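# Secondary and tertiary structure notes
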Amino acid sequence: MNRLTCGLLLSSLVLAGCASQPNSDTVLQQAGSDFQKVKEDSNVLRIAPKDVIRAGESLARADRLSSYWGSGGDVVHYAYLSQRYSAIAREHTELVLNEERAAKLELERQRLQLALREAKLLSVQQQGKWLEEQIASLTTTQTDRGLVMTLGDVLFDTGQAELKNSANRTVLKIVQFLQLNPKRVVRIEGYTDSTGGEQENLKLSRDRAQAVADVLVDLGIDEKRIQVEGYGDQYPVEANASERGRAQNRRVEIVFSDDKGQLGAAR
Amino acid sequence: MTIRPLFAALAVVTLAGCAADPAPNEQMRLTQQALEQAAAVGAVADDVPELKLAETKLAQAKADMADESYKDARMQAEQAELDARLAEARVLTQKSQEQLNVLNTRITRLRKQLGDAQ
């Protein structure tokens, strides 16, 4: 008797409270189908088993309550919780799957980065080889002195030590070559013809060699890698008798070390 | 005369049976925590509808607590907790998706550069 009254009272209360609740059967069905989907997804089961279990428990509770008359509000509530757990399980799964994908992609990225670095290195080496050929074409090998490049008379005005702009191309090649071969060092040697006094010639030859060295330093070559010498009218390459011979003798020579930095002895 | 105590007993039993819900203090705390956690990972109510729901329901639960409607308070709080947890999970998934996109972009760029280099 008491029970019945209480039950009736409860039911009417619940009914009153639940008048605005959505249809509990529909919600229950929806929750059931959501749960079914996560339950059948092996990834979800692997990654978020706890959420799946909670979704199942809430669903079972909603299901049980639905057989009691007048408990519509509770059914909707637990069905809602079950749906939320299913959704959370899916999100957690997606998150972990994304992390797994990211880990794979990260490996791929590192692999590609390495490959790119190697490709670039190779191209630099090829470039270095090309430059080396270029430099070689501008130099002559003298067995006792190593690689020697001659900057001719035309790169300086008569009696002047300033390097003309026409030397830029050659100078840039030398800079690039030295940058690609960081162990190599150079000795820059200045020479004049026999016109003029010995002291003047020594000074002019040294100033011209220094002018070339300055440009190299300005373009980023460490001055420690550069020696400068002035030899005046010593060591002519041609007889000073003709104008042509004198022009050949007015020159700056750049002596390259080997690739270990060993430079032939100065004259 | 005998009928009055019966009514009294009935009333007591009814009250006891119907007001069985204690104050859901622990649930309120859990819900509060879940909302804070969602905010901590960067969820904003304007962007994540689930968080908006959670906030509304938590406010309702607090009002229910004040009214001593403990059952309503508990239900609202329980739903709010899961709304907040879902909001948090969505934000984290979104972030991981963005990270994937960044990685994919970088890989595409690397592949292109590799193609150019060869």
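So, here is what we can say about the structure in this document. Fair warning: this is a prediction, and the values are worked out from it, not measured in the lab. (Residues numbered from 1 in each chain as written. Chains lettered and ligands numbered in written order. Predicted model: local features only at pLDDT ≥ 70, side-chain atom pairs only at ≥ 80, totals over all residues.)

Secondary structure summary: chain B contains four helices and zero strands in total. Along chain B, from the amino end to the carboxyl end, the secondary structure elements read α-α-α-α. Classification of the 118 residues of chain B by burial places 31% in the buried group. Expressed as a percentage of contacts within chain B between residues at least 6 apart in sequence, the contacts between residues at least 24 apart total 70%. (Helix = DSSP H or I, 4+ residues; strand = E, 2+ residues; numbered from the N terminus. Buried ≥ 20, exposed ≤ 12 C-beta atoms within 10 Å, placed from the backbone. Contact = placed C-beta atoms within 7 Å.)

Below, the discussion takes up unusual backbone geometry. For Y235 of chain A, which is not glycine, the phi dihedral falls at a positive 55°. Topologically, Y235 of chain A is positioned in the loop between β4 (226-230) and α8 (243-249). In the Ramachandran plot, E68 of chain B falls in the positive-phi region, its phi being about 60° despite a non-glycine side chain. Locating E68 of chain B in the fold gives a position in the loop between α3 (49-66) and α4 (70-117).

Let us look at the environment of E55 of chain B. All names here are of chain B. Inspection of the secondary structure puts E55 in helix α3. Overall, E55 belongs to the partly exposed group, with 18 C-beta atoms counted inside 10 Å. Between the C-alpha atom of E55 and that of L35, which follows or precedes it by 20 residues, the distance is 7.7 Å. Excluding anything up to four places from it in sequence, E55 contacts L35 and A45.

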